[in-house]
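Each chain, written out:
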Amino acid sequence: MQYAKLSNGITIPQIGFGVWQVDEETEAPAAVAEALRVGYRHIDTAAVYKNERGVAKGIKESGVKREDLFLTSKVWNDDIRAGRTKEAFAESLERLETDYLDLYLIHWPVEGYIEAWKAMVELYEAGKIKAIGVSNFKEHHLDTLAEEGLMAPMINQVELHPQLPQHELHEYLQDHNIQVEAWSPLMQGKFLEINDFKEIAEKHGKTPSQVVLRWHLDNGIVALPKSVTPERIAENFDVFDFQLDADDLEKIDRLVTDVRLGPDPDEIDF
């Protein structure tokens with residue numbers, strides 16, 4: 001396992017287990033339990049995923065102690081707009097069957113995010129969350145928090161992968177001591193369409209998905225691969241025994257398209 005250190009000294013496993021679009025009843029309990037059995041200790045969910053109860057069930061089934069886990073959830077846009085951040089946080093705790101979170105994020109920078117951030121800072125200072133951060137924030141959103149004189153987020157979770165490395169944002173985050181975390185690190189499966197990953201994988205005796213995740217690790221990024229298939233869950237975690245060389249990284253750098261798979265944070269309507 002590799003870890004990143006956040007600005008407040010907390011460490012976060014660099015490979016986490018994402019559960020976006022994982023069904024609460026039919027998939028989440030087994031997938032989470034399997035991920036924890038394999039060795040993952042970082043689970044990333046969100047209120048809007050509607051599977052926090054399934055995540056809790058999977059954790060319970062795994063037998064892994066709560067204090068050995070890094071557990072993340074997020075406040076959804078409707079609650080941000082309604083000024084319900086603290087209430088939404090309490091509801092997530094109830095569904096996750098825990099009395100604290102390791103990380104809580106603002107899911108998108110919708111109207112009301114400044115007040116939501118103030119509420120999260122209060123929860124953090126009260127000891128209810130070990131670290132707080134944001135998701136899908138651009139530089140200007142982060143600048144707004146700074147201009148308000150507010151605590152800087154410890155993490156920004158964004159769409160980031162070899163075709164959308166977000167170099168300028170990544171550099172901004174590094175300069176401000178904000179950890180970058182990637183959702184859809186495996187490009188929603190589109191890495192399978194790129195022969196370069198296959199060639200690099202054969203060179204290292206690994207798989208293309210492992211090469212993509214290793215790229216994230218080598219760039220200091222926290223990555224959140226998602227799968228409900230036991231073989232893929234294990235494959236995505238088996239990435240700590242090799243490194244990419246300069247030739248590999250140069251080949252991957254040529255794949256940049258800067259095309260988003262998800263929405264632009266400045267143009268969302270949900």
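Owing to the predicted nature of the structure, the values given are computational and were not obtained by experimental measurement. (Residues numbered from 1 in each chain as written. Predicted model: local features only at pLDDT ≥ 70, side-chain atom pairs only at ≥ 80, totals over all residues. Heavy atoms only, no water.)

1. Remarks on the side chain of S135
Convention followed: Elements are defined by DSSP. Helices are runs of H or I of four residues or more, strands are runs of E of two residues or more, and each kind is numbered from the N terminus. Polar contact criterion, stated in full: a pair of N or O atoms within 3.5 Å, where within protein one must be able to donate a hydrogen and the other to accept it, and residues adjacent in sequence count only if both atoms are side-chain atoms. Whether two residues are in contact is decided by their heavy atoms: any pair within 4.5 Å suffices.
Its place among the elements puts S135 in strand β7 (residues 132–135). At 3.2 Å, the side chain of S135 and the side chain of N136 are in polar contact. For S135, the contacting residues outside a window of four places in its chain are L105, I106, H107, W108, P109, N156, Q157 and W183.

2. Quick word on the nonpolar core
Selection criterion: Throughout, nonpolar core names a set of buried Ala, Val, Leu, Ile, Met, Phe, Trp, Tyr and Cys residues whose side chains join them through atoms within 4.5 Å. Only protein chains enter the accessibility calculation, which uses a 1.4 Å probe. A residue is then buried if its area is under 20% of the maximum for its type, exposed if over 50%, and partly exposed in between.
Counting 82 residues, the largest nonpolar core has F17, I106 and F197 as the members making the most contacts within it. Setting aside residues up to four positions removed in sequence, F17 forms contacts with A31, V32, A35, Y40, H42, I43, D44, L224, P225, S227 and I233.

3. Quick notes on the pairing of strand β5 (residues 70–75)
What counts, and what does not: Two strands are said to pair when DSSP picks up at least two bridges between them. For a crossover, the right-handed case is the one in which the path from the first strand over the helix to the second runs clockwise, viewed with the strands pointing away from the viewer.
The buried fraction of β5 amounts to 6 of the 6 residues, a majority that puts the element mostly inside the structure. The two faces of β5 match: F70, T72 and K74 on one face and L71, S73 and V75 on the other face are all buried. Examined bridge by bridge, strand β4 (residues 42–44) and β5 share 3 bridges and lie parallel to one another. Bridged to H42 within β5 is F70. Read as a crossover between parallel neighbours, the route from β4 over helix α2 (residues 52–62) to β5 is right-handed. Summarising the sheet, β5 and strand β6 (residues 103–106) pair through 4 bridges and their orientation is parallel. Paired with K74 across the strands is L105, a residue of β6.

4. As for the packing of α2 against helix α4 (residues 85–96)
The test is simple: Note on geometry: axes are lines fitted to C-alpha atoms, helical ones only across the stretch in contact, with angles between N-to-C directions running from 0 to 180 degrees. An angle counts as roughly parallel when it lies under 35 degrees, as roughly antiparallel when it exceeds 145, as roughly perpendicular when it falls between 65 and 115, and as oblique in every other case. Three classes are used: nonpolar for Ala, Val, Leu, Ile, Met, Phe, Trp, Tyr, Cys and Pro, charged for Asp, Glu, Lys and Arg, and polar for all others, with Gly counted as polar.
Two elements in contact, α2 and α4, have axes separated by 7 Å at closest approach and are oriented at 40 degrees. Viewed along their axes, α2 and α4 adopt a mutual orientation that is oblique. Judged by residue contacts, E52, R53, V55 and A56 of α2 engage S92, E94, R95 and L96 from α4. Among the residues forming the contact of α2 with α4, the class breakdown is 3 nonpolar, 1 polar and 4 charged.

5. Re the side chain of E34
Within the secondary structure layout, E34 lies in helix α1 (residues 28–38). If we ignore the near neighbours within four places in the chain, the residues touching E34 are P230 and I233.

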